[in-house]
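Here is how the chains run, residue by residue.
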Amino acid sequence: MNCNEVKNKMIFFLEGSLSDSDWQLTNKHILECNDCKLYLLRIENMLEIINKQKNIEPKPFLYTRLLARIENKEKNKAIFYRKVLQPIIISAIVLFAIFGGFTIGKSYTSTSSSTQISETYYWNDFSQEPIEKAILTDNQ
Ligand SMILES: [Zn+2]
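Residues numbered from 1 in each chain as written. Predicted model: local features only at pLDDT ≥ 70, side-chain atom pairs only at ≥ 80, totals over all residues. Heavy atoms only, no water.

J.: So what about the overall build of the chain? Which residues, and what values?
T.: What the chain contains, in helices and strands, is five helices and zero strands. Listed N to C, the secondary structure of the chain is α-α-α-α-α in terms of helices and strands. For the chain, with 140 residues in total, the buried portion stands at 8%. Within the chain, contacts between residues at least 6 apart in sequence are counted, and of these 50% link residues at least 24 apart. For the chain, the exposed area adds up to about 12600 Å²; of that, 62% sits on carbon and sulfur atoms. (Helix = DSSP H or I, 4+ residues; strand = E, 2+ residues; numbered from the N terminus. Buried < 20%, exposed > 50% of the residue type's maximum accessible area, 1.4 Å probe, protein only. Contact = heavy atoms within 4.5 Å. Areas by Shrake-Rupley, 256 points an atom, 1.4 Å probe, with all protein chains shown as cover.)

Written as structure tokens, this is what we have:
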């Protein structure tokens, strides 16, 4: 067995999942080869670190604390809506109503001015009555 073969089987060697003959060949090589011995030690260290990481328990109440923080943010959003957005929306509606009233009023005054024109036209239709005009001018 050469070094590469041993290194490929190192994990299985540590796990104990090699067949007896493979395990004995690998073990024999490791005992004789310093390079593979160092490799074995490095892998053992890495596995130890990984196991330590796995064994770190999550902080108690981390989930509930996170949940509380998220809920607080939601509350803040609601407060933001109530204290900031709502007045803006209401004032926008009021402004819209006021300007809408102005435009309606303007359109109303424009129609009333047209009726005024027709009324003045009605009172000034003297020029359209040529007979009366002729009588009146004849008398003078
Ligand atoms: Zn070796």
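Next, the rest of the story.
J.: Outline the coordination of the zinc ion, listing residues and values.
T.: Taken together, Cys3 (SG), His29 (NE2), Cys33 (SG) and Cys36 (SG) make up the full set of protein donors to the zinc ion, lying 2.0 to 2.4 Å away. Classification of the site at the zinc ion rests on its four donor atoms, whose angles at the metal span 101 to 118 degrees, yielding the label tetrahedral. The sequence motif formed by the donor residues of the zinc ion is C-x25-H-x3-C-x2-C. Placement of cysteine 3 in helix α1 (residues 3–15) and of cysteine 33 in the loop between α2 (20–32) and α3 (34–55) is noted, with a sequence separation of 30 residues between them. (Donors = N, O, S within 2.8 Å, 3.2 Å for Na, K, Ca; no water. Tetrahedral: all angles 85-135°; square planar, octahedral: opposite > 155°, others 65-115°.)

J.: Run through the side chain of threonine 26, naming residues and quoting values.
T.: As for its placement among the helices and strands, threonine 26 is situated in helix α2. In this structure, threonine 26 is in contact with Met1, Val6, Phe13 and Leu18, ignoring residues within four places of it in sequence.

J.: Explain the nonpolar core to me, using residue names and the numbers behind them.
T.: Judged by nonpolar contacts, Val6, Met10, Phe13, Leu18, Ile30, Cys33, Cys36, Leu40 and Ile43 together constitute the single largest core of nine residues. Looking at this core, the elements that each hand over two or more residues are α1 and α3. Aside from chain neighbours lying at most four places away, what touches phenylalanine 13 is Leu18, Trp23, Thr26, Asn27, Ile30 and Leu40. (Core = buried A, V, L, I, M, F, W, Y, C linked by side-chain atoms within 4.5 Å.)

J.: Which residues make up the packing of aromatic side chains, and what values do they have?
T.: Summed over all chains, the structure comprises one aromatic pair. With a centroid separation of 5.3 Å and 20 degrees between ring planes, the pair formed by phenylalanine 13 and tryptophan 23 is classed as stacked. Taken together, the residues span a long stretch of sequence, with phenylalanine 13 in helix α1 and tryptophan 23 in helix α2 at a distance of ten residues. With a relative accessible area of 10%, phenylalanine 13 lands in the buried category. The ring of tyrosine 39 has lysine 7 lying over it, and the distance from NZ or CZ to the ring centre is 5.3 Å. (Phe/Tyr/Trp six-rings, centres within 6.5 Å; stacked < 30°, edge-to-face > 60°. Lys NZ or Arg CZ within 6 Å of the ring centre and 35° of its normal.)

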